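The lines below spell out each chain.
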Amino acid sequence: MADTSRRTAASTDAQAQAHAVAAAAPSLSVVVCAYTTERWDDLCACLASVARQHRPADEVVLVVDHCPELAARAAEGFPSVRVVTNGECRGLSGARNSGVRAAHGEIVAFLDDDAAAEPDWADRLLAGYRDPRVLGVGGLVRPWWEAGRPAWFPPEFDWVVGCSYRGLPERPSPVRNFIGANMSFRRSEVLAAGGFRTGLGRVGKRPLGCEETELCLRLAVRRPHGLLLYEPSAAVRHHVPDTRTTWRYFRSRCYCEGLSKAAVAGRTGAGPALSSERRYLRSTLPRAVLREVRAGGGRGLRTLGALLGGVSAASLGYAVGSLRRRVRPHGDRPVRGAAPGGSPP
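Heads up: these notes are all about the structure in this document. This structure is a prediction, so every number in the text was calculated from the model and none was measured.

1. Structural notes on the nonpolar core
Next up, step 1: If you look at the biggest cluster of nonpolar residues, it comprises 54 residues, and the most contacted ones within it are Leu43, Leu62, Leu111, Trp121, Phe157 and Val160.
Next up, step 2: One finds Val63, Val84, Leu219 and Tyr230 within the second-largest nonpolar core, a separate group that totals 27 residues.

2. Examining the pairing of strand S8 (residues 182-186)
The two faces of the sheet receive side chains in turn, since in a regular strand these alternate between them.
Next up, step 1: In terms of burial, S8 is a largely internal element, five of the five residues being buried.
Next up, step 2: Examined bridge by bridge, strand S4 (residues 107-112) and S8 share five bridges and lie antiparallel to one another. Each residue of the ladder has a partner; that of Leu111, found in S8, is Asn182.

3. Details of the packing of aromatic side chains
Next up, step 1: Inspection of the entire model under this criterion finds 14 aromatic pairs.
Next up, step 2: Seen in terms of ring centroids, Phe110 and Phe185 are 6.5 Å apart; in terms of plane orientation they differ by 65 degrees. Their pairing is edge-to-face. With Phe110 in strand S4 and Phe185 in strand S8, this pair connects stretches of sequence that are 75 residues apart. Comparing Phe110 with Phe185 shows no difference in burial state: the two are buried.
Next up, step 3: Relative to Phe153, the ring of Trp145 lies with its centre 5.2 Å away and its plane at 65 degrees, an arrangement referred to as edge-to-face. By the burial criterion, Trp145 is buried, and Phe153 matches it.
Next up, step 4: Among the aromatic residues, those joined into a cluster by ring pairs are Trp145, Trp152, Phe153, Phe157, Trp159, Tyr165, Trp247, Phe250 and Tyr280.
Next up, step 5: Over the face of the ring belonging to Trp40 we find Arg73, whose NZ or CZ atom lies 4.1 Å from the ring centre.
Next up, step 6: Here the guanidinium or amino end of Arg96 rests over the ring plane of Phe196, the centre of that ring lying 5.5 Å away.

How each quantity is defined
Residues numbered from 1 in each chain as written. Predicted model: local features only at pLDDT ≥ 70, side-chain atom pairs only at ≥ 80, totals over all residues. Heavy atoms only, no water. Core = buried A, V, L, I, M, F, W, Y, C linked by side-chain atoms within 4.5 Å. Buried < 20%, exposed > 50% of the residue type's maximum accessible area, 1.4 Å probe, protein only. Helix = DSSP H or I, 4+ residues; strand = E, 2+ residues; numbered from the N terminus. Pairing = 2+ DSSP bridges. Phe/Tyr/Trp six-rings, centres within 6.5 Å; stacked < 30°, edge-to-face > 60°. Lys NZ or Arg CZ within 6 Å of the ring centre and 35° of its normal.

Laid out in structure tokens, this is it:
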């Protein structure tokens, strides 16, 4: 009887401690951006994974990017989710800005509509904010290959399909920027920095990006002593359809990454914009090339070709993008509701 009483008391104490920790954690808004009904099944899996979190989100905001059919279907199909429309120009950056503006949580976490979070994802992200210096926390993005991973596809290039790649830290570490499929920020910091640049990022199926990189760079400028923390235990699974496993898509995505990096460099300077890329080229890729040369055989040669071809395509994209920036410089509008002067030119 005494043992039972002690176990009951211990269980009660543990529950009380868990509730106290939850109460002390900042409030959380999860923002999911979607643009097409073609990914409905992915969207359902994404929102179901958010609903299964050990630490439930305080709210879930689904931003529909200029697709009335999807907005109507989502409003009917997800009664517990707040469905809003992108009030800015079409594209992922505008949709994310609309989500930040609609959210009420102290922390805004972004999850791609074709990604599914592990049950402890929210817990792991929020744990990082116990340090007041932390401005944002990003997590691991594992690829879920619909048709299996192509034998030639190098893990150092998993960023091509929006996933974490070989070369990233394997333990919690400060990083320059996050992968957009799995990232979070203090909402007040995003607003003060001016939000995501609408001239950057994916629009529909066009494989551009780097809007999260550019935002992270501006956050670092505003808060020199702040931290952007990579937490690999905060994991999501990202759906990779077979249409993204072709050489044609690989080459196109690498080229567009070069274009996007040139756009970021034009705004922030090549030093900050390319700091991680220089380490990648000096360290990560040489090790990958050496590995494939040693492996030899048909598979090794194909993967070696992908490594060299990917770098070449990205370099070409950067050169073309740099030339375009000189010929047609342009600016972007910050998210409405941001602090005046929060976004540098």
